[in-house]
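Each chain, written out:
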Amino acid sequence: MKINKLLFLLLSPLLFLPRLVHAHCPLCTGAVIAGAAGAKYMGINTSIVGVFVGAAGISLGIMTAKFLKKKYFPLQTTIIVLLSFLLTVVPTQATMPDTMFMPVHLFGSVGSIFNTVYFTNKILFGSIIGGIVTVAAYGLHLYIKKKNQKVLFPFQGIALTVLALIITSIIIQLTLV
């Protein structure tokens, strides 16, 4: 019994040692979650909170998919990212039931699918935009990394993602008052 306690005491500090970190790591995810919490705390539009919630879902999915070294089934990364996004966004919608209307006047008669008014949850709207922006920023990071055979500056993935999310948030704040 004493040996088990001794082993536990000696080995438990190993749980807190840092691991090798890759792009879209816990730091990226933490930055995105902090952005969502900060936006809600400051009373910013719920759609902007949704942008950061969607980004957090995508970042968590990418991080989880990279954590798994072995492929267990086809399209594993895509499925993990989508499930992570859904499991982050859907529960969040229930906590913030704000809705918004989106008039669509493209063509066709009034009431058709391309000429009507849609109502949607602000978190869902922002999350979809945030998810798309995060995937695009991550793709840009990978493109720059592949083209130059290295990252241009430390934390490039985080910087590109957060900058893209901030620009998107400013656009939403200025256009969806």
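Structural notes, computed from the coordinates. Quick caveat, the model's predicted, so the values are computed rather than measured.

### Observations regarding the overall build of the protein
Across its full length, the protein carries 6 helices and 2 strands. Across the protein, helices and strands are ordered from the amino to the carboxyl terminus as α-α-α-α-β-β-α-α. Looking at the protein alone, contacts between residues at least 24 apart form 61% of all its contacts between residues at least 6 apart.

### Observations concerning the packing of helix 4 (residues 76-95) against helix 5 (residues 122-148)
Contact geometry for helix 4 and helix 5: axes closest at 9 Å, N-to-C directions at 155°. Considering the angle they form, helix 4 stands roughly antiparallel to helix 5. Read as a crossing pair, helix 4 and helix 5 show a hand that is right-handed. Along its contact with helix 4, which presents F85, V89, T92 and Q93, the element helix 5 presents I123, L124, S127, I128 and G131. When the residues that make up the contact of helix 4 with helix 5 are grouped by side-chain class, the tally is 5 nonpolar, 4 polar and no charged.

### Observations regarding the packing of aromatic side chains
Under the defined criterion, the tally for this structure stands at 2 aromatic pairs. Relative to F119, the ring of F101 has its centre 6.4 Å away and its plane inclined at 50°; by these criteria the two rings are tilted. In this pair, F101 sits in strand 1 (residues 99-105) while F119 sits in strand 2 (residues 115-121), placing the two residues 18 residues apart along the sequence. Both residues of the pair, F101 and F119, count as exposed. A ring pair is formed by F107 and F114, whose centres lie 4.8 Å apart and whose planes are at 25°; its orientation type is stacked. By relative accessible area, F107 is classed as exposed at 53%. A relative accessible area of 38% means that F114 is categorised as partly exposed.

### Digging into unusual backbone geometry
The phi torsion of most residues other than glycine is negative, and most of the peptide bonds are trans. Even without being glycine, L75 reaches a positive phi, approximately 60°. Within the secondary structure, L75 is located in the loop between helix 3 (46-67) and helix 4. For F155, which is not glycine, the phi torsion reads 60° and is therefore positive. With respect to the helices and strands, F155 occurs in the loop between helix 5 and helix 6 (156-175). Overall, F155 belongs to the exposed group, its relative accessible area being 57%.

### Remarks on the nonpolar core
One broad rule of soluble globular proteins: the nonpolar side chains tend to lie buried together. Ranked by internal contacts, the top residues of the largest apolar core, which has 18 residues, are I48, V49, I58, I62 and L165. Put simply, the parts of the chain that give this core at least two residues each are helix 3, helix 4, helix 5 and helix 6. With 8 residues, the top contributor of residues to this core is helix 3.

Conventions and cut-offs
- Residues numbered from 1 in each chain as written.
- Predicted model: local features only at pLDDT ≥ 70, side-chain atom pairs only at ≥ 80, totals over all residues.
- Heavy atoms only, no water.
- Helix = DSSP H or I, 4+ residues; strand = E, 2+ residues; numbered from the N terminus.
- Contact = heavy atoms within 4.5 Å.
- Axes fitted to C-alpha atoms, helices over the stretch in contact; angles between N-to-C directions.
- Parallel < 35°, antiparallel > 145°, perpendicular 65-115°, else oblique.
- Left-handed = near helix turned anticlockwise from the far one by under 90°.
- Nonpolar A, V, L, I, M, F, W, Y, C, P; charged D, E, K, R; others polar.
- Phe/Tyr/Trp six-rings, centres within 6.5 Å; stacked < 30°, edge-to-face > 60°.
- Buried < 20%, exposed > 50% of the residue type's maximum accessible area, 1.4 Å probe, protein only.
- Core = buried A, V, L, I, M, F, W, Y, C linked by side-chain atoms within 4.5 Å.

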